[in-house]
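Read off the chains here:
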Amino acid sequence: MIRGVSAVEVFLPHCFPVVREYAASARELRKMATSLGANTYNRQNWEDSDFPILCQTCLGENPYIRMTKEKYGKECKICARPFTVFRWCPGVRMRFKKTEVCQTCSKMKNVCQTCLLDLEYGLPIQVRDTGLSVKDDMPKSDVNKEYYTQNMEREIQCSDGTRPVGLLGKAPGHSDMLLKLARTTPYYKRNRPHICSFWVKGECKRGEECPYRHEKPTDPDDPLADQNIKDRYYGINDPVADKLLKRASAMPRLDTPDDKAITTLYIGGLGENINDSDLRSFFYQFGEIRTITVVQRQQCAFIQFATRQSAELAAEKSFNKLILGGRRLTVKWGRSQGAKGREKDQEGVTESGNRLEPVPGLPGALPPPPAPEEEVPANYFNLDPSTSSAVVNIAIPPPPGMPNPPPPGFGPPMFHPMGPPPPPPMGLRPPGHIHYPSQDPQRMGAHATRHSAE
């Protein structure tokens, strides 16, 4: 019989997982007892705590929870030292959770003892270190890891416990990428039970009493289905972190122009209630402001700083975060004086620089209209532009009831006596023009000219 487990629990079929868990605990206790007898120094590093270090998500939404405490219950999965294990249920229809790493490893990385996510941002360690530009290479061998842990414990004891230690404590206070990716509310769906493997095979007979989820599993090839607690702690090969970093790279960003002479920012979407004094009261903190020009008709403004450094700081701190008078304002860089006269061809490109896929079935773009100096007067008859245009009198059919006009040759002349000369030969005509015989005015009035001469 296993110590601490009654005979009823051993022989109940539904308690087999409980028996295996207690058996594993017994093996770890024997292993720890062996190490205690071999070296009395090891016990000084065993951890005894009164309350775990947890995030709001792992703790659950219920403010009243029952938590069990087992002194020296398991070994830390990072430093392999015995520590106090806490176990609790975060809510109704949720799985039981327990601490996985010791508090020393948790304080070194400022993470939760259960999910190993950052306590401030709720993000994986790899994402946090990338956003803060921190590269904390912890040793992975047993001897070096023990020496590193002892030094960090000494530093933790000397600190007040309110700030992280090591390289993380020396990092800058915040990052714009982390503020955009940070989870502001708890995500309790992470505490749901695991999927019932018997239900997937169609062999679960518990029904609604089954503590596991009766849902179809996700794609086994999904990288999120293969996660390792050590990879998450050391910040390498974390699939959740890779997904968040890809999302961060796709976010819109404000690129700094190459022209160092540009110190002007464009502020759009002002509305009717925001004036230059409101803009000055916000942007003065970034540096000296030279001019503020408000275009009320376009509901925009142009803020020119005295130095380029002040303009870059203002653009970095206000892009996608500027809210004045309850309105979210648009912040962009102004254009240089040389680029105002020409527009850059950005067909199919959004403001953030992402190229859009063409939509099939839409007509192509129309050609641009000709410039004013290139406009040519309409010459429908291919006449010589050097000669004066003749006045053409084209007879219109009379209305019903009126007598018909005289036949050709007996009426008044239809053309001006000084008509245009005949068209030039085919070899002398400009290329691309076609002349038809019916367009020759001399041919149309030949009879009228002959009778008038007689």
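Since the structure is predicted, the reported quantities are computational estimates derived from the model, not experimental observations. (Residues numbered from 1 in each chain as written. Predicted model: local features only at pLDDT ≥ 70, side-chain atom pairs only at ≥ 80, totals over all residues. Heavy atoms only, no water.)

J.: When you look at the nonpolar core in this model, what are you seeing that I'm missing?
T.: Ranked by size, the top nonpolar core spans 21 residues in total, and within it Leu-265, Ile-267, Leu-279, Phe-283, Ile-303, Phe-305 and Leu-329 carry the most contacts. At the level of secondary structure, the elements contributing two or more residues to this core comprise β4 (264-268), α12 (276-283), β5 (289-295), β6 (300-305), α13 (308-318) and β9 (330-333). When residues no more than four places from it in sequence are discounted, the contact partners of Leu-265 are Phe-283, Ala-301, Phe-302, Ile-303, Phe-305, Ala-311, Ala-314, Ala-315, Lys-332, Trp-333 and Gly-334. With 19 residues, the next largest nonpolar core counts Phe-83, Val-101, Tyr-148 and Tyr-234 among its residues. (Core = buried A, V, L, I, M, F, W, Y, C linked by side-chain atoms within 4.5 Å. Buried < 20%, exposed > 50% of the residue type's maximum accessible area, 1.4 Å probe, protein only. Helix = DSSP H or I, 4+ residues; strand = E, 2+ residues; numbered from the N terminus. Contact = heavy atoms within 4.5 Å.)

J.: Where do I start with the pattern of salt bridges in this structure?
T.: Between side chains of opposite charge, pairing is possible as soon as their charged atoms come close. Evaluation of the coordinates by the stated rule reveals 10 salt bridges. Linking Glu-215 and Arg-213 is a salt bridge whose minimum nitrogen-to-oxygen distance equals 3.0 Å. Overlapping salt bridges bring together Lys-77, Lys-98 and Glu-100 as one network. (Salt bridge = Lys/Arg side-chain N within 4 Å of Asp/Glu carboxyl O.)

J.: Would you explain the sheet that holds strand β2 (residues 82-88) in this entry?
T.: Whenever strands of a sheet pair, they do so through backbone hydrogen bonds, lying parallel or antiparallel. Spatial ordering of the open sheet is given by β1-β2-β3, a layout of 3 strands whose pairing is antiparallel. Of all strands in the sheet, those bounded by a partner on one side alone are β1 (67-75) and β3 (97-98). Pairing of β2 with β3, which is carried by 2 bridges, proceeds in the antiparallel orientation. Along β3, the bridge assignment pairs Trp-88 with Lys-97. (Pairing = 2+ DSSP bridges.)

J.: I tried to follow helix α6 (residues 142-158) on my own but got confused; where do I start?
T.: Side chains three or four residues apart in an α-helix point the same way, a direct result of the helix having 3.6 residues per turn. Taking 1.5 Å of rise per residue, 17 residues should cover 24 Å, and α6 covers 25 Å from first to last C-alpha, within 8% of that figure. Buried residues of α6: Lys-145, Tyr-148, Thr-149, Met-152 and Ile-156, and no others. The buried residues of α6 all sit within an arc of 100° when viewed along its axis, so they share a single face. Facing away from the buried side of α6 by more than 90 degrees, the exposed set consists of Val-143, Tyr-147, Gln-157 and Cys-158. If you follow the buried residues of α6, they end up packed against α4 (103-109) and α10 (229-234). (Expected span 1.5 Å × (residues − 1). Arc of directions from axis to C-beta.)

J.: Would you mind going over the packing of aromatic side chains with me for this structure?
T.: Two aromatic rings, taken as a pair, are described by how far apart their centres are and by the angle between their planes. If you walk through the whole model with that rule in mind, you get 7 aromatic pairs. Centroid distance Trp-46 to Tyr-72: 5.0 Å. Interplanar angle 70°. Geometry classified as edge-to-face. Of this pair, Trp-46 sits in the loop between α2 (16-38) and α3 (56-59) while Tyr-72 is found in strand β1, placing the two residues 26 residues apart along the sequence. Aromatic side chains Phe-283 and Phe-305 sit 6.4 Å apart centroid to centroid with 65° between the ring planes, which places their arrangement in the edge-to-face category. Residue Phe-283 is located in helix α12, and its partner Phe-305 is located in strand β6; the two are separated by 22 residues in the primary sequence. You can call Phe-283 buried: its relative accessible area is 0%. A relative accessible area of 0% places Phe-305 in the buried class. An aromatic cluster is defined as three or more aromatic residues linked by ring pairs; in this entry it consists of Phe-282, Phe-283, Phe-286 and Phe-305. A cation sits over an aromatic face here: Lys-140 above Tyr-234, 4.6 Å from the ring centre. Over the aromatic face of Trp-333 sits the side chain of Arg-308, whose NZ or CZ is 5.0 Å from the ring centroid. (Phe/Tyr/Trp six-rings, centres within 6.5 Å; stacked < 30°, edge-to-face > 60°. Lys NZ or Arg CZ within 6 Å of the ring centre and 35° of its normal.)

J.: Can you help me understand the confidence of the model for the chain in this one?
T.: Segments scoring low in pLDDT should not have their predicted coordinates read at a detailed level. Confidence in the prediction for the chain averages 76 pLDDT; 65% of positions are at 70 or higher. Taken together, the stretch residues 33-39 has pLDDT below 50 and engages in 3 contacts with residues farther than four places along the chain or on a different chain. Contacts for the low-pLDDT stretch residues 449-454, under 50 throughout, to residues beyond four places or in other chains number 1 contact. (pLDDT = per-residue confidence, 0-100.)

J.: It is not clear to me how the state of the cysteines should be interpreted in this structure. Could you clarify?
T.: Note on terminology: disulfide describes a covalent bond linking the sulfur atoms of two cysteines. Evaluation of the coordinates by the stated rule reveals 0 disulfides. Cys-105 forms no disulfide, and the closest cysteine sulfur to it belongs to Cys-102, at a distance of 3.5 Å. On the basis of relative accessible area, Cys-105 is assigned to the buried category, the value being 0%. With no disulfide of its own, Cys-115 has Cys-55 as its nearest cysteine by sulfur position, at a separation of 3.6 Å. (Disulfide = S-S within 2.5 Å.)

J.: It is not clear to me how the pairing of β1 should be interpreted in this structure. Could you clarify?
T.: For a regular strand, side chains alternate in direction, first toward one face of the sheet and then toward the other. Summarising the sheet, β1 and β2 pair through 6 bridges and their orientation is antiparallel. When the sheet's bridge partners are listed, Thr-68 is paired in β2 with Arg-87. Once β1 ends, the chain turns through 6 residues before running back antiparallel as β2, passing Ala-80 with a positive phi of about 60°.

J.: What should I look at first to understand unusual backbone geometry in this one?
T.: Glycine aside, residues mostly have negative phi angles, and peptide bonds mostly take the trans form. In this structure, Arg-93 is a non-glycine residue whose phi angle is positive, near 60°. Relative to the assigned elements, Arg-93 resides in the loop between β2 and β3. Although it is not a glycine, Asn-237 adopts a positive phi angle of roughly 55°. Relative to the assigned elements, Asn-237 resides in the loop between α10 and α11 (239-249).

J.: Is there a simple way to think about the pairing of β5 in this case?
T.: In the sheet, β5 pairs with β6 via 6 bridges, with the strands oriented antiparallel. Within β6, the position partnered with Val-294 by the bridge is Ala-301. A loop of 4 residues connects β5 with β6, the two strands running antiparallel in sequence, and Gln-299 in this loop sits at a positive phi of about 55°.

J.: What is the right way to look at the environment of Gln-103 in this model?
T.: Inspection of the secondary structure assignment puts Gln-103 in helix α4. Along the sequence, Gln-103 and Cys-76 sit 27 residues apart, while their C-alpha atoms lie 9.2 Å from each other. Residues contacting Gln-103, with those up to four places away along its chain left out, are Glu-47, Ser-49, Phe-51, Pro-52, Ile-53 and Gln-113. Within the structure, the side chain of Gln-103 is placed 3.2 Å from the side chain of Ser-49, a separation counted as a polar contact. (Polar contact = N/O pair within 3.5 Å; in protein donor to acceptor, adjacent residues only side chain to side chain.)

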